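A structural walkthrough
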Amino acid sequence: MKIVVCVKQVPDTKNGVVFNPDGTLNRGAMDKVMNPDDKAGLEVALRLKEANPGTEITVVTMGIPDADSVLREAFAMGADKGVLITDRVLGGADTWATSSTIAAGIRNLDYDLIVTGRQAIDGDTAQVGPQIAEHLGLPVISYAANVSVEGDSVVVDRQYDDRIHKLKVKMPALVTCLSETTEPRYMTPGGIFDAFDKEVTVWGRADLKDLDDGDIGLAGSPTKIAKASDKVRKGAGEKRADLDAAGACSYIFDKLKEKHVI
Amino acid sequence: MEFTLDKKHEMARQLFAEFAEKEVKPLAQETDETEAFPRETVTKMQKLGFMGIPIPKEYGGQGCDVLTYVMCVEELSKVCGTTGVIVSAHTSLCCDPILTYGTEEQKQKYLVPLAKGEKLGAFALTEPGAGTDAQGAQTKAVEDGDEWVLNGSKCFITNGKEADIYIIFAVTDIIEDKKGRPQKRFSAFIVEKGTPGFSFGTKEKKMGIRGSATYELIFEDCRIPKENLLGTRGKGFAAAMHTLDGGRIGIAAQALGLGEGALQATIDFVKERKQFGRPIAAFQNTQFQLADMATRMQAAQFMVYNAAMAKQNKPVYSFEAAQAKLFAAEAAMAVTTKAVQLHGGYGYTREYDVERMMRDAKITEIYEGTSEVQRMVISGALLK
């Protein structure tokens, strides 16, 4: 089986977010990491490889030349091959231009399954994975918590807030994965050393076929960002374990009334 | 001359730092309180290849370099001195002498499982009457047919009882020096836990690195196969000293990590702690203390990394190792002490990590050659 995993190098938000005066992200002032959902996607692929010997994992990323370090990290975790799509004309891409470009790159590869993260912590759109599937005409399953392969199909537990959907779809297909449900493995020291001896395939604009120039880079991006700001975090909520079912219901109704929701 | 790490080493540091933060730090306080060997953490490190970082792949290791190993001990020690020394003693004092002096058969039989993380290693030179004065050692090994028979005891052995494979030094010959005085000749042996006649005595109750298992080893007519002689008969003392040169770099890395960990904890604390209506970080005394601490640790890091590079590239590195250990250990003791002082009363309680770090730091001035021994090594090289 051949799996393509899409990963993105993103600013590390561990030590806060740094903005430029114009409201855009100051990427240069922040450390860079592999996007957490993408890392979970890579872990899903690595587990499939362990369960299905002979599986080959190719990791694809699009970014500046320095983004090759995210591929090295993927090698150190166990990925087999890496492709870096980089070209000045591809810069400034929104989700449409990004997904068009990555889909064109994936057309150069053999694959049974494409794995992406649900969303990136810098853009938070959750659009690129499903858009790639759309460009390639593939079925897509988002929010994959657990993925296994049965014959020529992929079986996915799709995680919703309150339930799991079990879905089975014939490959080729695309799944998007969640960092909350899959803890990625650590690299190994030897894996890191080997990763820097491996060859990364680098593709520029000229290597991407079936791709319209109107669909790439800043010019091919319909989205215009007016302003970026730090993420507003959801509150932790309130937990009450001391109430029975009836008590819990009336407590919730009281709260909703108090906030004039009902 | 380069003072920056390449991307490969940066990524390795990121791995060790992440592991230390997620897996080691949450257990550090409990490990200290309970004095329990952190077996669960060791098992995780064994699976991830942390126990064979500088060992070539053909012998089950990770095929990395000394600098990577040193950074591993450093990052672990930033959060837990106990965990740092477990890796250091195993790698520098058990794997390294087998790699350096072992036969191919010994490497296959002992080094491969040690480096793969299937077995844990230890090293035993010190005896009750022989610390800095190694000539005072009494443990003997006598040849008997196809075996060596060991009798005697060793003390203060790191990873004692927990380790599976031990490098033991014993007197095998007594010769006369030029003036006709008797001189002991030592040899090194590989001894497996479980060998009849090999048992463990008391466990030391220590000031710091309390989760590290420090035991007395006892040999009573302990018979080991002849082929377990490590290196050349009678050349054990030189082997022990050469091994300790490497070990000192590991301990220097432990000291470095302890000092750096205490510095970071202090930076975080002084921003939060308020006195006279403002964070104590706003006071110039705090600022100057932090500046001195950081400068000292930066110097220590350069020396420790320099010693790691010396071990990587030179056959003899006693001088660099001794300087790195002397400086890093004294820096760690001074910086952890200042860290406690800047924490005030809180720093004296076990609620705060710096209290443990200060106790942990003290041993780095003592084991694998005291600071006084390091000064002897350094001055000896200067005056020869």
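Residues numbered from 1 in each chain as written. Chains lettered and ligands numbered in written order. Predicted model: local features only at pLDDT ≥ 70, side-chain atom pairs only at ≥ 80, totals over all residues. Heavy atoms only, no water.

For chain B, the count of helices and strands is 10 helices and 10 strands. In terms of C-alpha radius of gyration, chain B reaches 21 Å, essentially the compact-globule figure of 21 Å for 384 residues. By principal-axis analysis of the C-alpha atoms, chain B measures approximately 80 × 45 × 40 Å. Within chain B, the fraction of its 384 residues that count as buried is 54%. Summed over all atoms, the accessible surface of chain B reaches about 16600 Å², with 54% contributed by carbon and sulfur. Positive and negative side-chain charges in chain B, numbering 47 and 50 respectively, have mean positions lying 3 Å apart. (Helix = DSSP H or I, 4+ residues; strand = E, 2+ residues; numbered from the N terminus. Rg over C-alpha atoms; globule rule 2.2 N^0.38 Å. Buried < 20%, exposed > 50% of the residue type's maximum accessible area, 1.4 Å probe, protein only. Areas by Shrake-Rupley, 256 points an atom, 1.4 Å probe, with all protein chains shown as cover. Lys, Arg positive; Asp, Glu negative; His and termini not counted. Charge placed at Lys NZ, Arg CZ, Asp CG, Glu CD.)

Turning our eyes to something else, we now look at the pattern of salt bridges. For the structure shown, the criterion picks out 48 salt bridges over all chains. The salt bridge involving A:Glu43 is made with A:Arg47; its shortest N-O contact spans 2.8 Å. You can see A:Glu43 and its partner A:Arg47 sitting in helix α1 (residues 36-51), four residues apart, about one turn around the helix. By relative accessible area, which is 39% here, A:Arg47 ends up partly exposed. Measuring nitrogen to oxygen at the nearest pair gives 3.6 Å for the salt bridge that ties B:Glu74 to B:Arg13. Pair noted here: B:Glu74 is in helix α3 (residues 66-79) and B:Arg13 is in helix α1 (residues 7-34), with a separation of 61 residues, a long-range link. The same class applies to B:Glu74 as to B:Arg13, namely buried. Via salt bridges that share partners, B:Asp32, B:Glu35, B:Arg210, B:Glu355 and B:Arg359 belong to a single interconnected network. (Salt bridge = Lys/Arg side-chain N within 4 Å of Asp/Glu carboxyl O.)

On to the confidence of the model for chain B, then. Detailed conclusions should not be drawn from predicted coordinates in areas where pLDDT is low. Mean pLDDT over chain B works out to 97, with 100% of the residues at or above the 70 mark. In the predicted assembly, ipTM is 0.93 and pTM is 0.91. (pLDDT = per-residue confidence, 0-100.)

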